[in-house]
Structure formats: structure tokens, C-alpha cells
Amino acid sequence: MDLIPAIDLIDGKCVRLSKGDYSKKVIYSNYPVDVASSFEGSGIKRLHIVDLDGAAGEGSNNLKTLENIAGKTNLVIDFGGGLKSTENVSSVLNAGASIVNVGSVIVKDPELFAQWIVKFGAEKFLPGADVLDRKIKIHGWKEETDISLFDFIKGLIALKLETIFCTDISKDGMLMGPSIELYKDILIQFSSIKLIASGGVSTYDDLVLLKETGCEGAIIGKAFYEERITLKQMENFIRN
């Protein structure tokens, strides 16, 4: 199972939120390049970057941070947050991301997303299912929809997308453990997909449990920044 640390960006700084609440922002580092380099030094190969400024619809200067991280590490980076146009996607890829993570556009403008797949290739996209009570939420988790998680995944499979990440918003940033039952249900219903778990990871044992559940990857955020999971533990997990 891949370990995929997350760097959430506001104004070029590493931050974490709780349940997506911007008013509960905590800044953990002013130097995201150094944070990314520390991950790479521990054997991490992947990095998940979320542009929270973009996700909130407030514009963003975080592409420069992406460029710096991509230029100073060899990490495979997926990057997203508020991407609304083909130009946005091109800019992210040109700035050094290998993969674009997307969510809201799949719901708001499915025809545009289908065009992106044709233009860039399905392998360039990592769709995210952000859920609360198994319903999809979009626009930085601020907007509710009536779309069920399973219907959302069915639509992704129809587009030949094989890998998704799923965030249980109720767990995100709470350090209370991931939604194991949710992930089990997804993998039972959709055995063909590769599932990356996101939200709630708080201990090394959570990683072991997610691996046993059959997840392809796990995104680690606050647990690292709060020193619940150390770089050494990540390194040990990768080796084992």
C-alpha cells in the first residue's frame, strides 16, 4: 500500500483544517519544500497537494509552491483544488504535477471533465469522492449534493478511471481513525477499483488496518504534523 503524505496549502504555507473548516486552520510550516523533502528522504514516492485557496474559490498563487517542490524533489505529485478550466489543468501539469486531483468539476461540469480525459488522458487524473453521510460534497466541502457515493463511483468507472481517493469529511483532521467500514463497502461493491483512503488516519495501526482492508493507498495529513505518525514509522511501513 502506498503512503501518500498530504500538504495542504494556504498562501504557500502548510496547514491543516478540521472537517474542512477554514476557521480552524493551523499552520504547521512556512516551508513546504522542506516538508516535501523530508518525506522523500524517508522513502516516500508520492505526494498529495491540495490548494485550499483554490478550493475555496479565492484564487491562488500556490502553483509557485508546486513548481518549487517538483523542482527540488523526485516525488510523484498529485495536485488539485478549484480547477475549473483546461488552462488550469495545463498549468498544474506544466508546473510539475504528474497527476491532477479533481472533484467538484466532475459534478458541476461533467462534459468538461470528459474533454479533459480525452485531451490529457485518464491516467492524468485522480478523482476524489469527498463524502459526508455517504453523499458527495463539493467546492471545498462547502456545498452539499444529493449524489450518493456509489452513484458517483459508477460514473467514474464509466469514464475508465481506475483509481479514486475517498475522504470521509466527518473523520478528516479529527485523528479518530479512518472509515474502515466505508472503505470495505466500497471495495465489496467495486472490486475493480484501486481505492486510496483519506481522512482520519491517526496511528501506525490505522495504516496496517487500511492495508488489510485492501486499500491501494492511504493519505496521511494531520497525524504526521501532530507527530502521531513519524517519518521513521513511515519508513518502516514502506520497508515491511
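Look a little higher up for the structure.
Heads up: these notes are all about the structure in this document.

The rules behind the values
- Residues numbered from 1 in each chain as written.
- Predicted model: local features only at pLDDT ≥ 70, side-chain atom pairs only at ≥ 80, totals over all residues.
- Heavy atoms only, no water.
- Helix = DSSP H or I, 4+ residues; strand = E, 2+ residues; numbered from the N terminus.
- Buried < 20%, exposed > 50% of the residue type's maximum accessible area, 1.4 Å probe, protein only.
- Contact = heavy atoms within 4.5 Å.
- Areas by Shrake-Rupley, 256 points an atom, 1.4 Å probe, with all protein chains shown as cover.
- Lys, Arg positive; Asp, Glu negative; His and termini not counted.
- Charge placed at Lys NZ, Arg CZ, Asp CG, Glu CD.
- Salt bridge = Lys/Arg side-chain N within 4 Å of Asp/Glu carboxyl O.
- Axes fitted to C-alpha atoms, helices over the stretch in contact; angles between N-to-C directions.
- Parallel < 35°, antiparallel > 145°, perpendicular 65-115°, else oblique.
- Left-handed = near helix turned anticlockwise from the far one by under 90°.
- Pairing = 2+ DSSP bridges.
- Arc of directions from axis to C-beta.
- Right-handed = clockwise from strand over helix to strand, strands pointing away.
- Phe/Tyr/Trp six-rings, centres within 6.5 Å; stacked < 30°, edge-to-face > 60°.
- Lys NZ or Arg CZ within 6 Å of the ring centre and 35° of its normal.

1. Examining the overall build of the protein chain
Reasoning step 1: Counting secondary structure elements, the protein chain contains eleven helices and twelve strands.
Reasoning step 2: Principal axes of the C-alpha set define a box for the protein chain whose edges measure 45 × 40 × 35 Å.
Reasoning step 3: When each of the 240 residues of the protein chain is scored for burial, the buried share is 53%.
Reasoning step 4: Intrachain contacts of the protein chain at a sequence separation of at least 6 include 66% that bridge at least 24 residues.
Reasoning step 5: When the accessible surface of the protein chain is summed, it comes to about 10,900 Å², and 46% of that surface belongs to carbon and sulfur atoms.
Reasoning step 6: Each charge class in the protein chain can be summarised by its mean position, and for the 27 positive and 33 negative side chains these summaries are 2 Å apart.

2. Digging into the pattern of salt bridges
Reasoning step 1: This model, assessed by the stated rule, comprises seven salt bridges.
Reasoning step 2: Residues D78 and R46 are paired through a salt bridge, measuring 3.2 Å at the closest nitrogen-oxygen approach. Within this pair, whereas D78 is found in strand β5 (residues 76–80), its partner R46 is found in strand β4 (residues 46–51), the two being separated by 32 residues in sequence. Across the pair, exposure class does not vary: D78 and R46 are buried alike.

3. Structural notes on the packing of helix α7 (residues 149–158) against helix α8 (residues 180–189)
When two helices pack together, their arrangement is given by the angle between their axes and by how far apart the axes lie.
Reasoning step 1: At a minimum axis distance of 11 Å, the contact between α7 and α8 shows a crossing angle of 45°. What the angle tells us is that α7 and α8 run oblique. You can see that α7 and α8 cross each other, and the crossing is right-handed. Contacts from L149, F150 and I153 of α7 reach α8 at L182, D185, I186 and Q189.

4. As for the pairing of strand β3 (residues 21–29)
Reasoning step 1: Both strand β2 (residues 13–18) and β3 contribute to a ladder of four bridges, which runs antiparallel. Looking across to β3, one finds that C14 is bridged to S29.
Reasoning step 2: What sits between β2 and β3 in their antiparallel hairpin is a turn of two residues, with K19 showing a positive phi close to 55°.

5. Concerning helix α3 (residues 63–72)
Residues separated by three or four positions in an α-helix point in the same direction, a consequence of the helix having 3.6 residues per turn.
Reasoning step 1: Turning to α3, its buried residues number three or more, namely T65, L66 and I69. Within α3, the buried residues cover an arc of 100° as seen down the axis, which keeps them to one side. In this structure, α3 carries K64, G71 and K72 as exposed residues pointing more than 90 degrees from its buried face.
Reasoning step 2: On its buried side, α3 packs onto β1 (2–10), α1 (32–41), β4, β5 and α4 (86–94).

6. A few points about the pairing of strand β11 (residues 194–198)
Reasoning step 1: Taken across its five residues, β11 has four buried, putting it largely inside the fold.
Reasoning step 2: In this fold, strand β10 (residues 163–168) hands off to α8, which returns the chain to β11; that crossover is right-handed.
Reasoning step 3: A crossover links β11 with its parallel partner strand β12 (residues 217–220), the connecting element being helix α9 (residues 204–213), and its sense is right-handed.

7. Some points on the packing of aromatic side chains
Reasoning step 1: Evaluated as defined, the whole model comprises nine aromatic pairs.
Reasoning step 2: Summarising the aromatic geometry, the rings of F120 and F125 are spaced 6.3 Å apart at their centres and angled 70° between planes, so their arrangement reads as edge-to-face.
Reasoning step 3: Residue classification places F125 among the buried positions, given a relative accessible area of 5%.
Reasoning step 4: Relative to F237, the ring of Y204 has its centre 5.9 Å away and its plane inclined at 80°; by these criteria the two rings are edge-to-face. Of this pair, Y204 sits in helix α9 while F237 sits in helix α11 (residues 231–239); the two residues are 33 residues apart in sequence, bridging distant segments of the chain.
Reasoning step 5: Judged by relative accessible area, F237 falls into the buried class, the value being 6%.
Reasoning step 6: Joined through ring pairs, the aromatic side chains of Y28, F39, F224 and Y225 make up one cluster.
Reasoning step 7: Against the face of Y22 rests K142, its NZ or CZ located 5.0 Å from the ring centre.
Reasoning step 8: It is K211 that lies over the ring of F237; its NZ or CZ is 5.6 Å from the centre.

By themselves, these are just geometric observations and shouldn't be taken as functional.
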